[in-house]
Amino acid sequence: MFLFDNYDVKEGETPEIIAFKWFGDIGLHWVILMTNNITDRYYEWPLTQPQFHTHLEDKYGVGNIDATHHYEISQTSGPTTSRDNSHLVEVNSDASGATAITNREFEQRNQDKLRQIRLLDRKYLSVFVSEFERLIRD
């Protein structure tokens, strides 16, 4: 019995679209935002491909989208969270085995993280909404 289901936001989906698909009511988009601690729909929600491209140009400049953001190496010691029991560590460019990560790759990783949201199980929706309304009233 879980309170939430994991969901990957598809290209172009908005909180309203997901609320309609999941709860049958676009007006419940706020539940999705609230349960994912999203307070800024522009910076905390996945961008569409055109928005993403504009974001890259605005942030890094047209000629620097694919410039090096930082370097990484794969580290297999210590606590790990990935499937292959390794994690990536930022290093200097002269570190042995360092791989360049571009601005585009860095930002795409951030977008991929934003795509992973949680959706409240439908059976708890009415309790959640009622409790929220009670808290707002008090």
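In what follows, the structure referred to is the one given above.
These remarks concern the structure in this document.

Parameters at a glance
Residues numbered from 1 in each chain as written. Predicted model: local features only at pLDDT ≥ 70, side-chain atom pairs only at ≥ 80, totals over all residues. Heavy atoms only, no water. Helix = DSSP H or I, 4+ residues; strand = E, 2+ residues; numbered from the N terminus. Rg over C-alpha atoms; globule rule 2.2 N^0.38 Å. Contact = heavy atoms within 4.5 Å. Buried < 20%, exposed > 50% of the residue type's maximum accessible area, 1.4 Å probe, protein only. Salt bridge = Lys/Arg side-chain N within 4 Å of Asp/Glu carboxyl O.

### Structural notes on the overall build of the protein
Right, on to step 1. When helices and strands are tallied, the protein shows five helices and five strands.
Right, on to step 2. Expected size for 138 residues packed as a compact globule is a radius of gyration near 14 Å; at 19 Å, the protein overshoots this value by more than 25%.
Right, on to step 3. Here the C-alpha coordinates of the protein stretch approximately 60 × 40 × 30 Å along the principal axes.
Right, on to step 4. For the protein, restricting intrachain contacts to residue pairs at least 6 apart in sequence, the fraction spanning at least 24 positions comes to 65%.

### Considering the side chain of Gln-111
Right, on to step 1. Note on placement: Gln-111 falls in helix H4 (residues 103–115).
Right, on to step 2. On the basis of relative accessibility, which here comes to 7%, the residue Gln-111 falls in the buried class.
Right, on to step 3. Not counting residues up to four positions away in its chain, the partners in contact with Gln-111 are Trp-45, Pro-46, Leu-47 and Phe-52.

### As for the pattern of salt bridges
Right, on to step 1. Overall, the coordinates contain eight salt bridges when judged by the stated rule.
Right, on to step 2. When the shortest N-O distance is used, the salt bridge between Arg-134 and Asp-138 registers 2.9 Å.
Right, on to step 3. Of the residues examined, Asp-138 reaches a relative accessible area of 68% and is grouped as exposed.
Right, on to step 4. When salt bridges that share partners are traced, they join Glu-131, Arg-134 and Asp-138 into one network.

### Re the environment of Ser-96
Right, on to step 1. In this structure, Ser-96 sits in the loop between strand S3 (87–91) and strand S4 (99–102).
Right, on to step 2. Owing to a relative accessible area of 72%, Ser-96 belongs among the exposed residues under this scheme.
Right, on to step 3. When the C-alpha positions of Ser-96 and Glu-131 are compared, they lie 55 Å apart, and in sequence the two are 35 residues distant.

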